[in-house]
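Topology and contacts: notes
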Amino acid sequence: MAGLWVGTAALVAAGRRGRWPPQQLMLSSVLRTLKTFDKILIANRGEIACRVIKTCKKMGIKTVAIHSDVDASSVHVKMADEAVCVGPAPTSKSYLNVDAIMEAIKKTRAQAVHPGYGFLSENKEFARCLAAEDVIFIGPDTHAIQAMGDKIESKLLAKKAEVNTIPGFDGVVKDAEEAVRIAREIGYPVMIKASAGGGGKGMRIAWDDEETRDGFRLSSQEAASSFGDDRLLIEKFIDNPRHIEIQVLGDKHGNALWLNERECSIQRRNQKVVEEAPSIFLDAETRRAMGEQAVALARAVKYSSAGTVEFLVDSKKNFYFLEMNTRLQDPYKSFGLPSIGRLSQYQEPLHLPGVRVDSGIQPGSDISIYYDPMISKLITYGCDRTEALERMADALDNYVIRGVTHNIALLREVIINSRFVKGDISTKFLSDVYPDGFKGHMLTKSEKNQLLAIASSLFVAFQLRAQHFQENSRMPIIKPDIANWELSIKLHDKVHTVVASNSGSAFLVEVDGSKLNVTSTWNLALPLLSVSVDGTQRTVQCLSREAGGNMSIQFLGTVYKVNILTKLAAELNKFMLEKVTEDTSSVLRSPMPGVVVAVSVKPGDTVAEGQEICVIEAMKMQNSMTAGKTGTVKSVHCQAGDTVGEGDLLVELE
């Protein structure tokens, strides 16, 4: 299941290096007023907790990590000076468990708390609890958290501060029918969103009454699970906008400044996939106007920390306030469904120039169903946008992630897509470019020949290695003196005849009439292999190889499955029986690991195609599972509260 956000990339393409506004010279004076501590508790997990701990170590500050029972061996726990378990895996019982965290603060005598982002970072009650115990909250004041952490209140404040806002209903929506009435008044399409939400959770777009009812139910459940607050609001959905964020910084003396923008328009389910700075869409006038409005909002709430003001920008550069985050900010099935598992191998491309990686995992780490699937951010930068993009593609090719699926293929395709390169993007980019879903890189004829030549060379290299054991010859299965290897390679259901010969580490491969020279060190024990094909350098990964000829190769970011056999073996293979494909029209299987939130049917019920069967929550997102055809429910194999894995049988139809 490719497309997991375990490799979510944040692209920082330096491009035009804009000059800082004059007010940003105040930054040094702001930093001089910061108070330091002897010990800080980090109320978070993953890569953000690791980043905070690294900074504290540089400053000579001791750190305390909190963790759930399933996170006991996590990287952030190992990095911290102390660690305290605050409860079982569900976030409501651990990372959102204020009582347990307050007890951990007392136990460790931490003087301050850094909340990271998400979880309790925008929870005003948590900030109040800390203040009552004279513990410093490393973030904005309580009144700013309350004002900006609540989308309803923040929108009212934005209007008062004369900040452009999206038309919509400013109160709390009580139920699904009221949601329908409000949506009709605003006019479809509308955006249903969690009042206390962020990170794309608790958000749904509705184009009609039925989608509004479903969106209200799923968003409220998702919001309650992620934030402990199921309140929703509704506003006009602006079609084809850009999502652009302005960074702000304020101090306790009434000063505030803006620190330029990040383009965050490439999104999946309202969650950012690629970020870029600066945005190539904004002109100096629009950038300044957005920055000034962001500062006006920060001053209106007497903001005193680093934060992010989010805007939607239409094609005519009209911009509208979306929300303010009182913190610093982040494919094959629906552009990526969550996957769980253990990282059997993990290697970051830090050996390349202009690369930074923020992560909270290591080889052997477990990716569970309970938390956000983003475990790594890849950042590249360069002297201009072209160099930054080239470094990003190279870095993605040099990422090693084994044991779980990932979205590297999607990320790589996005950054080389002609529309992205030109800057012709919006929040609908993925659905516009891949209307039938993302299917991986589409090989050109030249690239296909390169892949087949590399695969052939790998096959022969493996065969030659198999003829030796501890530097001694062994009884060969294939004659060692073969001058030309006649091979049959199946790729995308098409069979290609290939002839390969080698001289040392160099191979001459003839593919469909084209001759290619392939060279490499052929160190088959390494996860990455640098290969030259007619002078073009490629970084590939041989992910798996089976005795029956099946081989999986990661090439240009996408994993390709090929079947390679000698000419004789291919002739004999025609007599092998093929495995019968399962008829899936009458069964519903879980497309991802998760927890069953609700089951809507029982045996004997008649269901229509597209009707909801059950809801599965994975990585804090609600996913509605629907019937693939009209029929009668034969049996139900799950119930609310069950944990299911990818491929588990949920419901059978007659």
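Everything discussed here concerns the structure shown above.
Cut-offs applied
Residues numbered from 1 in each chain as written. Predicted model: local features only at pLDDT ≥ 70, side-chain atom pairs only at ≥ 80, totals over all residues. Heavy atoms only, no water. Disulfide = S-S within 2.5 Å. Buried < 20%, exposed > 50% of the residue type's maximum accessible area, 1.4 Å probe, protein only. Pairing = 2+ DSSP bridges. Helix = DSSP H or I, 4+ residues; strand = E, 2+ residues; numbered from the N terminus. Salt bridge = Lys/Arg side-chain N within 4 Å of Asp/Glu carboxyl O. Phe/Tyr/Trp six-rings, centres within 6.5 Å; stacked < 30°, edge-to-face > 60°. Lys NZ or Arg CZ within 6 Å of the ring centre and 35° of its normal. Patch = residues over 30% accessible without salt bridge, like charges linked within 9 Å, V, L, I, M, F, W, Y side chains within 5 Å. Areas by Shrake-Rupley, 256 points an atom, 1.4 Å probe, with all protein chains shown as cover. Axes fitted to C-alpha atoms, helices over the stretch in contact; angles between N-to-C directions. Contact = heavy atoms within 4.5 Å. Parallel < 35°, antiparallel > 145°, perpendicular 65-115°, else oblique. Left-handed = near helix turned anticlockwise from the far one by under 90°. Nonpolar A, V, L, I, M, F, W, Y, C, P; charged D, E, K, R; others polar.

For the rest of this paragraph, the subject is the state of the cysteines. According to the stated counting rule, one finds 0 disulfides in the structure shown. Not engaged in a disulfide, the cysteine C638 finds its nearest cysteine sulfur in C614; these two sulfurs lie 4.8 Å apart. Under the relative-accessibility criterion, C638 is labelled buried at 9%.

With that settled, consider the pairing of strand β30 (residues 558-566). When strand β23 (residues 485-491) meets β30, the two strands line up antiparallel, connected through 5 bridges. By the bridge assignment for β30, S488 is matched with L565. Where strand β29 (residues 550-555) lies against β30, 6 bridges are found, and the strand directions are antiparallel. Each residue of the ladder has a partner; that of M551, found in β30, is V562. With antiparallel pairing between neighbouring strands as the criterion, β29 and β30 make up a hairpin whose turn holds 2 residues, including L556 at a positive phi of roughly 55°.

It is worth spelling out the pattern of salt bridges at this point. Inspection of the entire model under this criterion finds 29 salt bridges. Residues joined by salt bridges that share partners form a network here, namely E47, R51, R356, D358 and K377.

Applying the stated rule across the entire model yields 7 aromatic pairs. Judged by centre distance (6.4 Å) and plane angle (85°), the rings of F126 and F137 are edge-to-face. In this pair, F126 sits in helix α5 (residues 124-132) while F137 sits in strand β5 (residues 136-137), placing the two residues 11 residues apart along the sequence. For F137, a relative accessible area of 12% gives the class buried. Residues W207 and F237 carry aromatic rings whose centres are separated by 6.2 Å and whose planes lie at 70° to one another, so their mutual orientation is edge-to-face. Pair noted here: W207 is in the loop between β8 (203-206) and α9 (209-227) and F237 is in the loop between β9 (232-236) and β10 (242-250), with a separation of 30 residues, a long-range link. When the ring centre of F420 is taken as origin, the NZ or CZ atom of R385, which lies over that ring, is 5.2 Å away. Looking at R545, its charged tip hangs above the ring of F462, at a distance of 3.9 Å from the centre.

For the rest of this paragraph, the subject is the sheet that holds strand β37 (residues 643-644). The strand order across the open sheet built from 4 strands is β35-β34-β32-β37, with neighbouring strands paired in antiparallel fashion. The open sheet is flanked by β35 (621-626) and β37, the only strands paired with a single partner. Here strand β32 (residues 594-599) runs beside strand β34 (residues 612-618); their pairing, made up of 4 bridges, is antiparallel. Bridging from a neighbouring strand, V595 pairs with E617 of β34.

Take a nonpolar patch on the surface next. Among the surface-exposed residues, L568, L572 and F575 lie close enough to one another that they form a single nonpolar patch of about 400 Å² accessible area. Structurally, L568 can be placed in helix α16 (residues 567-573).

Another point: the pairing of β9. The side chains of a regular strand alternate, residue by residue, between the two faces of the sheet. Most of β9 sits inside the fold, with 4 of its 5 residues counted as buried. Sheet topology note: the strand β6 (residues 168-173)/β9 ladder contains 3 bridges and is antiparallel. The partner of V173 across the bridge, within β9, is L232. Inspection of the sheet shows strand β7 (residues 190-194) paired to β9 by 5 bridges, in the antiparallel sense.

Here the focus is the sheet that holds β8. The 4 strands are arranged β6-β9-β7-β8 in an open sheet whose pairing can be described as antiparallel. Strands at the two margins of the open sheet, each flanked by one partner only, are β6 and β8. If you compare each strand with its neighbour and ignore which way they point, the axes differ by 20° on average. Together, β6, β7 and β9 form the strand contacts of helix α8 (residues 176-186), whose direction differs from that of β6 by roughly 175°.

So, about the packing of helix α11 (residues 385-397) against helix α12 (residues 408-416). Here α11 crosses α12 at 160°, and the two axes come no closer than 10 Å. As summarised for this structure, α11 and α12 are arranged roughly antiparallel, according to the angle between their axes. Remark: the crossing between α11 and α12 carries left-handed chirality. Counted together, L389, M392, A393, L396 and D397 of α11 and I408, L411, R412 and I415 of α12 form the full contact between these two elements. Of the residues assigned to the contact of α11 with α12, the class counts are 7 nonpolar, no polar and 2 charged.

Worth remembering: the numbers are spatial, not functional.
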